[in-house]
Amino acid sequence: MSSSTETTMDNAAADAQDARKERSFVLQKVQPALLGLMDGSVSTLGPLFAAAGLTHDPHKAFFVGLAASLGAGISMGLSEALSDDGKVSGRGAPVSRGIITGLATAIGGMLHTLPFLIGSLMLALHLAYGVVIFELLAIAYIRFHFMKSPLGQTIVQVIIGGGIVFAIGIWLGTLGAN
């Protein structure tokens, strides 16, 4: 075999190894983190904004958001860890995936909850709205970059899904306040 053929075969083997490593990284780290960020960002919107509308108290809304974020993080972490042992799917160690998903869920919920530490409800709400937009765009970018989803399509999907939950939270907050 010629040196050129061996080099080509070595390069092909290295490329295949790199592709396997990238696929494992996406399946075992990115996908659980993305799942958590999406759930944390979206599932906590309703309770947080409903609490803000019902109580008109940013401090109380903060604690509702904190409880929702931590509860969702624990729930999602356990769900991910118990859903698949990783042997058939290649998704890796369940405990590792559960930890990644749980932490990402809690972080996703806390990002738009933190503005409610501010004493002014209106300022907290406006900051939280901006954080929500940032979260949804970040999720869309991660899906585009790592999952190879078309950017326009993923932005529309993420923003529509998040927007529906956001609107329900605001609607319930105003409905219950009347």
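Residues numbered from 1 in each chain as written. Predicted model: local features only at pLDDT ≥ 70, side-chain atom pairs only at ≥ 80, totals over all residues. Heavy atoms only, no water.

### Some remarks on the environment of G86
- One can find G86 in the loop between helix 3 (58–83) and helix 4 (94–111).
- What G86 contacts, discounting residues up to four positions off in sequence, is R91, G92 and R97. (Helix = DSSP H or I, 4+ residues; strand = E, 2+ residues; numbered from the N terminus. Contact = heavy atoms within 4.5 Å.)

### Points about the pattern of salt bridges
- Under the defined criterion, the tally for this structure stands at three salt bridges.
- Ionic pairing is found between E80 and R97, a salt bridge with its closest N-O pair at 2.7 Å. In this pair, E80 is assigned in helix 3 and R97 in helix 4, connecting sequence segments 17 residues apart. Judged on exposure class, the residue E80 and its partner R97 are both buried.
- Among the salt bridges present, the one from R91 reaches D84, with a minimum N-O distance of 3.3 Å. (Salt bridge = Lys/Arg side-chain N within 4 Å of Asp/Glu carboxyl O. Buried < 20%, exposed > 50% of the residue type's maximum accessible area, 1.4 Å probe, protein only.)

### Describing the packing of helix 3 against helix 4
- The interhelical angle for the contact between helix 3 and helix 4, taken along N-to-C directions, is 160°, at an axis separation of 7 Å. As summarised for this structure, helix 3 and helix 4 are arranged roughly antiparallel, according to the angle between their axes. The hand of the helix 3/helix 4 crossing is right-handed. Across the interface between the two elements, F62, G65, L66, S69, A72, G73, M76, G77, E80, A81 and S83 from helix 3 touch P94, R97, G98, T101, G102, T105, A106, G109 and M110 from helix 4. (Axes fitted to C-alpha atoms, helices over the stretch in contact; angles between N-to-C directions. Parallel < 35°, antiparallel > 145°, perpendicular 65-115°, else oblique. Left-handed = near helix turned anticlockwise from the far one by under 90°.)

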